[in-house]
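# Topology and contacts: notes
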Amino acid sequence: MRRIRKILCPIDFSEASHTAVEAAVDLAQLFSAELLLLHVVQPITPLPDSELARAFDVRLYEEEVRKRVAKKLAGVVRDKVPRRVRVQSRALYGLNPAGTIADVADTEKIDLIVIATHGMSGWRHYVYGSVAQKVIQHTGCPVFLVRARKGRKQQAVNTTRDGTSKANKDRKRRKEQ
């Protein structure tokens with residue numbers, strides 16, 4: 001069996017990708033693997049030659065984006081990754097996110113990619129495509145897909161000392177009355 005030492009988890013900061021990070025953290029702990037969080041920033045399309053184009057400083061904009069992404073990645077690491085998990089985070093510019101993810105997987109010798117799928121179908125899938133599907137097509141390593149949680153609101157559950165849900169006990173009590 002193939003040993004999993006390095007896990008890559010691409011993140012776009014959506015709720016679905018946060019769910020993928022949680023799964024990647026669980027797998028990293030299970031296999032004592034290193035985790036690499038990756039955000040791919042698509043560069044802006046050059047503006048046609050105009051007064052606005054000359055006034056817009058692309059380098060300054062990209063530096064601001066880089067700082068913002070680094071801050072968001074640091075927040076994800078702080079909030080979702082336990083200290084005992086070895087983790088790196090990286091932001092790269094790339095025209096093709098799936099290609100960039102596949103390239104990183106190859107150069108970093110990644111053993112497993114954990115990626116969210118937003119679960120789009122029909123015209124949305126046709127128009128927007130699927131980065132996850134393209135990653136599967138362009139990489140040679142295993143890909144673990146994490147499906148977006150559809151229509152399910154995450155909520156805190158109050159539990160009692162015996163581990164049962166307080167809401168369940170309240171429901172049971174109301175039925176008995």
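Nothing here was measured: the structure is a model prediction, and the numbers come from that model.

Reading the values: the criteria
- Here, residues in each chain are numbered from 1, in the same order as that chain's written sequence.
- Where totals are concerned, whole chains, interfaces and linings use all residues; where local detail is concerned, this predicted model gives features only for residues with pLDDT of at least 70, and gives and counts side-chain atom pairs only at 80 or more.
- The basis for every side-chain value is the complete set of non-hydrogen atoms in the structure, without hydrogens or water.
- Think of it this way: any DSSP run of H or I at least four residues long counts as a helix, any run of E at least two long counts as a strand, and we number them from the N terminus.
- For each residue, the accessible area found with a 1.4 Å probe, counting protein chains only, is set against the maximum for its type, and the residue is called buried under 20%, exposed over 50%, and partly exposed in between.
- When checking whether two residues touch, look at their non-hydrogen atoms; a contact exists if any pair is within 4.5 Å.
- Whether two strands pair comes down to DSSP finding at least two bridges between them.
- Under this scheme, a helix contributes an axis fitted over its contacting stretch, all axes are lines through C-alpha atoms, and angles between N-to-C directions fall in the 0 to 180 degree range.

What the protein chain contains, in helices and strands, is seven helices and five strands. Starting at the N terminus and ending at the C terminus, the protein chain contains elements arranged as β-α-β-α-α-β-α-β-α-α-β-α. Buried positions account for 34% of the 177 residues belonging to the protein chain. Here the contacts in the protein chain between residues at least 6 apart in sequence split such that 75% fall between residues at least 24 apart.

All right, on to the sheet that holds strand β2 (residues 34–41) then. The five strands are arranged β3-β2-β1-β4-β5 in an open sheet whose pairing can be described as parallel. Among the strands making up the open sheet, the edge pair consists of β3 (87–93) and β5 (143–147). The average undirected angle you get between the axes of adjacent strands in this sheet is 25°. The pairing of strand β4 (residues 112–117) with β5 spans five bridges and is parallel. When the sheet's bridge partners are listed, Val114 is paired in β5 with Phe144. In the packing of helix α6 (residues 131–138) onto the sheet, contacts are made with β4 and β5, and the angle to β4 comes to roughly 155°.

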